[in-house]
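# Tertiary structure, described
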Amino acid sequence: MGKKVMIIDIGKCTGCMSCVIACKDEFVENDWSPYSKPQPDHGHFWMKVNVQERGSIPKVKVTYIPTPCMHCDNPPCAKVCPTNAIVKRDDGIVLIDPDKCDGCKSVGTKPLCIDACPYGAIYYNEELNIAQKCTLCAHLLDDPNWKYGPRCYDVCPIEAIVFGDEDDPKIKELLKNAQVLNPEFGTKPRVYYLNLPKPFIGGCIVDPEAKEVVIGAKVTALDLYTGAKYETYTDEFGDFWFKDLEWNHKYLLKVEKEGYKEKVIGVYTTDKDVNVGDVFLAKA
Amino acid sequence: MNNYLYFYGLAASTLPKGTSSGPLREATKEEIENIKNDVKVEYVPTLSAGYVSSGPPLEVHIKNGRIVRCLPFHLPEDFRTWEIKTDRGTFKIETKKRVPELLWLAYKKRVYSPARVKYPLKRVDWSPDNPNPQNRGKSGFVRISWEEAVNLIVEMIKRIKDKYGNLEPVLVQSEGHGQPGFTHCCHYYGAYLFDKLDMGWTHQVRNPDSWEGYYWGAKLAWGFDPTVGEPYQDGVWDNVLQHTELAIFTGCDPETTSPGFGGQIQTHFINFLKKAGIKIVAIAPDANYTTVIHADKWIPINPNTDAALYLAIAYVWITEDLYDKEYVEKYCVGFEEFKKHVLGEDDGIPKTPEWAEKITGIPQWTIKALARAWAKKRTSIAVHFGGPKVRGKMSHLPARLEAYCLAMQGLGKPGRTFFRFYFSTIGLGRGFLISHVPALPRYLDVEIGGRLVHPAVGYAIVPPPPKGIPLIKTLVPDAILNPPIKWWCSGAQVNATEDLFEKYEYPPSEDHPGIRMIWNENGCYTTCWHGYKFIEALRSDKIEFHLVIHPWLENDALFADIVLPALTDFEVSDVISISRQDIVAIAYHDKCIEPVGESKSDYEIHKLIAERLAKEFNKPELLEAFPDPEQFARDAYEKSLAFKKYKVSWEDLKKRKIFIYPCPTWEEWAEIKKQNDFEVYGDFFTWFYKRGSGLETPSKKFEFVSNYALEYAPDDPERPPVAKWVEHDELPTSPKRNKYPFQVVSNHPRYRFHAQGDDNEWLRELYKVRGPDGYMYEPVWIHPSDAEKLGVKDGDIVMIYNDLGSILAGVKVTERIKPGSILIEHGARLDLISIEDRIDRGGALDLIAPSSAEKYKPGEEIRIPEQICSGFLVGVKKADINELMKKYPEAFKKKLHPVVGPTLETYLVEGK
């Protein structure tokens, strides 16, 4: 059996939250010992959807990033566990043994793994005094009669979540363009992402004298860090969008259109998405 | 995040290895037994729209009498689904999964909700002789037996009959949305029972709320009477995907509103639009859940001002010669009158983009750009059931003007249409949402006879039954508090346009006692419209008895004298009519779990009461109306195509659990369309302008000047023969704004279905705002610029108020709402701090939604009994929760669940 991977396409996800609910449906009030003890009624999100509101009115987008346990190949949670309750299985799944976990009572702290996980994927079950997290539904995967995979994967209405063996050719193909969240953590996650958000800069070019939008104006964005140059033309609403820029770069924006004076729109830093708003062009 | 890196830097201890790929330790026999998938599996119907039809069923796993899990529906892998072939490619839903709406994925929590009514309840200080109406909503409940409850109900029916001579003083509220079960869990049996009882009743007529402006206005322009004033949807996706270039979504949010009507397949259809290269422009005060994911352009607009937008668009088209003159000349009447208004020849105000900018808040250059793009590209308008959409008071004017704009660009020509994200079978020719061919590729016989027909559903949506006295839903509190009331139009959804000008009166005669008893199966009037007014009506001494039949103790039920515990679809065996998605099927399910507490199904409850009434009034025919429930289901099933054509016997269905109707191939579908006259005829699709027969208007043409309006109400300033710009007091331009500076937008809820599901712990946790006092408040969206002015931040509690009362909400500061507007979704559960001072902690906005009756002088005819539940003016201020606690200490002593809020326990009188 190959190692398991999950690939989540952020470009497809609509934030319907079905995965969050399916996860609760599987684990709340259900005891899957020895894999997991019941999840509390509320407060835990073993599948958590992070919501990013981006831009400003009227150029607003929302990106949803479902984040389960990353089932890291280099799991920092396992390293700090004083009771060796966190286990990496041969198929790549990381599990917390609910019998061995003592909530770090033996060392007199709250579970250390919770703070060790840079992705915030581990939760404390106060009632049972154990740390808990996503199991990738290992109790179901190990059941030869179960055919639907992990619950979050099964419930996704538009198959934004893909799950399978990393040896599967289809998965291999998808992995070519996949990224992990925060690779700088160095934990080697087994949960991959497609189309992770990249910043945009957008705006609208207007002729204030004619009180018209300017259609077909050429807008250029110069990446002041790399020298890369991007070019686009305003659409029928006078709008321009540069999508998929790089985070934390500086861009010099210019606009030109025959009959108008060329204009430097400004320099913008992509520490967040940028809506430059209405840009007024003067007649030449 | 960086803090966590510290741990990563620690010297690695030895990484423990798992034992192969198995569990952590060897599982015990019991544990293996527990995990293994050998559970009992049942399908359960889903979908909060109700109306005895289901979306994709849940696959429910049950073990030891407990629901273990609820899975989405999986079509068999080899099942051949439909496809649409166009020059732009083939469109097909590739996945075989059909996922129910979120609320149903979380329904396990609703079944076992702490708010469930577990046994019959009686208000502690109510008795037939001593009703104490002033204490409704205050005095709390005690548990009684079924026998006592039924005795009291039968006694009250007898008293009404003896006192008033008949049962007309009983208002039966038994329509609207709810659970989708066929036999057991639907709330239409009240009207059915009273009809069979044959002693009269007052019939609450479900108003056309989701079609609002189209019904009250657009019908005058284009008819479409059987489809509630919206154009037919025949083969509409073939047309759109082949021809349309631009889709305008005005307040249309299929990502939110479609799942409750068909499960979560809407995203596939929006993705079809994108694949076909169709640009999506969203126009709304808010960036809704569809806009932020899918729209190419968001045009923020002030609430309820799209009438001005449409007029300005028409202005651009007329002055720049950008409309379809030949079409207007050949197929429309009255355009010249409209043109005069647009150019300001009648009122001196040319409806220029500059004029519209001041009203709508949309820059004039954007209005001009939109007008030109709409004219240049084949443009369609997309809606789903959206209630008021981006509108509010007098929504009929913008809807009519929207129709005018569609007509000016040749509505009915290829790619220029009006389409809904609605995939249900609609029962062609059955009188509701009639059309000629289905919206999606389906066999005609499946469309017509595939689903099951329920003998009582007609009470919920079609014209009022002849024996009940009609009372339009929006006017119920006024009919109780200020009788007599007079109004125009029954409001029944399937009515000819003339009915807009029919006059009705309640009570129907001077000596009539009016409403004295309420049979409430809906349970949510308080969260629909002007709830505080309904509460006032419920607490008046006119109401001798208020019965609520509902599974959860919430909203209207808080004001009941007796509450009967209804149950959920999980607790009964029943047939399932799966017709509200792209694939049509019939299923059967056994009971998943035993009824919670002493609850009974809606069917069983009415059967129980019918049996008693049959004796009391010597009416044995009542018993025939309520046969054994399996017989009831079987009778309906044996009229379906599955039985008649596909020869699946009842016993076989019970054994096989599900029968799925086949889908046509693309070639078969092409043949179906051809045979049914669905083709491009001249310039048009035949559905729109069928050879000679035309539209359902007096002229058979599209009417800019309505002949009905001219004939029946030529001088009506509210609904003039030609739709115009009409100022009123809930607009951003109204002087009332000095007192109430915000317009409130109230959309369909993302995590509820109207009022359904606000007790759901898992869902509440996703979106409620936990205030500093720990209470989970309904969120209100406020733009950062307004939040600064108000001095509020994320998580603060604000009071939202107008002349009708106030509600509390939790602040969510966001760029997704236009400055000057706030957004709070409707349908939050009531949790009143003070009934007298009208303060609600639950955040049910519709408590303070104005009633349509207020527009008119007392005694005056209410010409348009519309709903006004969005776009109205309110004030917002930071709430002082400590001050409220001091002033209303009792309200804050209620026992609350930390996430769910009020539960059954909250309202029980202790020790009784």
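Everything numeric in this text was worked out from a predicted model, so none of it was measured.

What counts, and where the lines are drawn
Residues numbered from 1 in each chain as written. Chains lettered and ligands numbered in written order. Predicted model: local features only at pLDDT ≥ 70, side-chain atom pairs only at ≥ 80, totals over all residues. Heavy atoms only, no water. Helix = DSSP H or I, 4+ residues; strand = E, 2+ residues; numbered from the N terminus. Buried < 20%, exposed > 50% of the residue type's maximum accessible area, 1.4 Å probe, protein only. Contact = heavy atoms within 4.5 Å. Areas by Shrake-Rupley, 256 points an atom, 1.4 Å probe, with all protein chains shown as cover. Lys, Arg positive; Asp, Glu negative; His and termini not counted. Charge placed at Lys NZ, Arg CZ, Asp CG, Glu CD. Rg over C-alpha atoms; globule rule 2.2 N^0.38 Å. Phe/Tyr/Trp six-rings, centres within 6.5 Å; stacked < 30°, edge-to-face > 60°. Lys NZ or Arg CZ within 6 Å of the ring centre and 35° of its normal. Pairing = 2+ DSSP bridges. Axes fitted to C-alpha atoms, helices over the stretch in contact; angles between N-to-C directions. Buried area = accessible area lost by both parts, 1.4 Å probe. Salt bridge = Lys/Arg side-chain N within 4 Å of Asp/Glu carboxyl O. Polar contact = N/O pair within 3.5 Å; in protein donor to acceptor, adjacent residues only side chain to side chain. Core = buried A, V, L, I, M, F, W, Y, C linked by side-chain atoms within 4.5 Å.

A count of helices and strands for chain A gives 6 helices and 17 strands. Viewed in the frame of its principal axes, chain A has a C-alpha envelope of about 75 × 40 × 35 Å. When each of the 284 residues of chain A is scored for burial, the buried share is 60%. The long-range fraction of contacts in chain A, counting pairs at least 24 apart against all pairs at least 6 apart in sequence, stands at 60%. On chain A, roughly 11200 Å² of surface is accessible, and the fraction owed to carbon and sulfur atoms is 49%. Between the averaged position of the 35 positive side-chain charges in chain A and that of its 42 negative side-chain charges there is a distance of 4 Å.

A word on the overall build of chain B. A count of helical and extended segments in chain B gives 32 helices and 39 strands. For chain B, whose C-alpha radius of gyration is 28 Å, the value lies close to the compact-globule estimate of 29 Å for 912 residues. Projected onto the principal axes, the alpha-carbon positions of chain B cover approximately 75 × 75 × 70 Å. Residues counted as buried form 69% of the 912 residues belonging to chain B. If you take every contact in chain B between residues at least 6 apart in sequence, the share linking residues at least 24 apart comes to 75%. Working note: accessible area of chain B is about 29000 Å², and carbon and sulfur atoms make up 50% of it. Averaging the coordinates of the 116 positive side-chain charges in chain B and doing the same for the 125 negative ones gives two points 3 Å apart.

Moving on, we come to the packing of aromatic side chains. One pass over the structure, following the stated rule, counts 70 aromatic pairs over all chains. Their ring planes at 85° and their centres at 5.1 Å tell us that B:F659 and B:Y661 sit as a pair that is edge-to-face. Exposure class is identical for B:F659 and B:Y661. Each is buried. Connected via pairs of aromatic rings, a cluster forms that spans B:Y214, B:W222, B:F224, B:Y232, B:Y323, B:F335, B:F338, B:Y404, B:F418, B:F702 and B:F704. Above the face of the A:F45 ring, A:K24 is positioned so that its terminal group lies 4.5 Å from the ring centre. The ring centre of B:Y119 lies 4.0 Å from the NZ or CZ of B:R143, which sits over that ring.

Another point: the sheet that holds strand β25 (residues 585–589) of chain B. Residues and elements named next belong to chain B. Ordered by their spatial adjacency, 3 strands build an open sheet running β24-β25-β26, and the pairing between neighbours is antiparallel. Strands with a single pairing partner mark the edges of an open sheet, and in this sheet they are β24 (574–578) and β26 (658–660). Strand-to-strand twist in this sheet, taken as the mean axis angle between neighbours without regard to direction, amounts to 15°. Here β25 pairs with β26 via 3 bridges, running antiparallel. Note on β26: the bridge partner recorded for I586 is F659.

This part takes up the interface of chain A and chain B. At the interface, 85 residues of chain A touch 83 residues of chain B. With both sides pooled, the region where chain A packs onto chain B buries about 7400 Å², and carbon together with sulfur makes up 58% of that total. On the chain A side of the contact with chain B, A:I21, A:I57 and A:F237 bury the most area, a combined 9% of that side's loss. Taken together, chain A and chain B are joined by 12 salt bridges. Put simply, chain A and chain B have 34 residue pairs in polar contact (both at pLDDT 80 or more) between them.

Moving on: the nonpolar core. With 185 residues, the main nonpolar core has B:L553, B:F570 and B:I800 as its most contacted residues. If one sorts the elements of this core by residue count, helix α1 (residues 18–27) of chain A sits on top with 6 residues. Look past the residues within four positions of B:I800 in its chain and what remains in contact with it is B:V780, B:G805, B:S806, B:I807, B:A809, B:I822, B:I824, B:I848, B:V874, B:G875 and B:V876. B:V446, B:I461, B:L564 and B:A587 belong to the second-largest nonpolar core, a separate cluster that totals 113 residues.

Shape is all these values report; function is a separate question.
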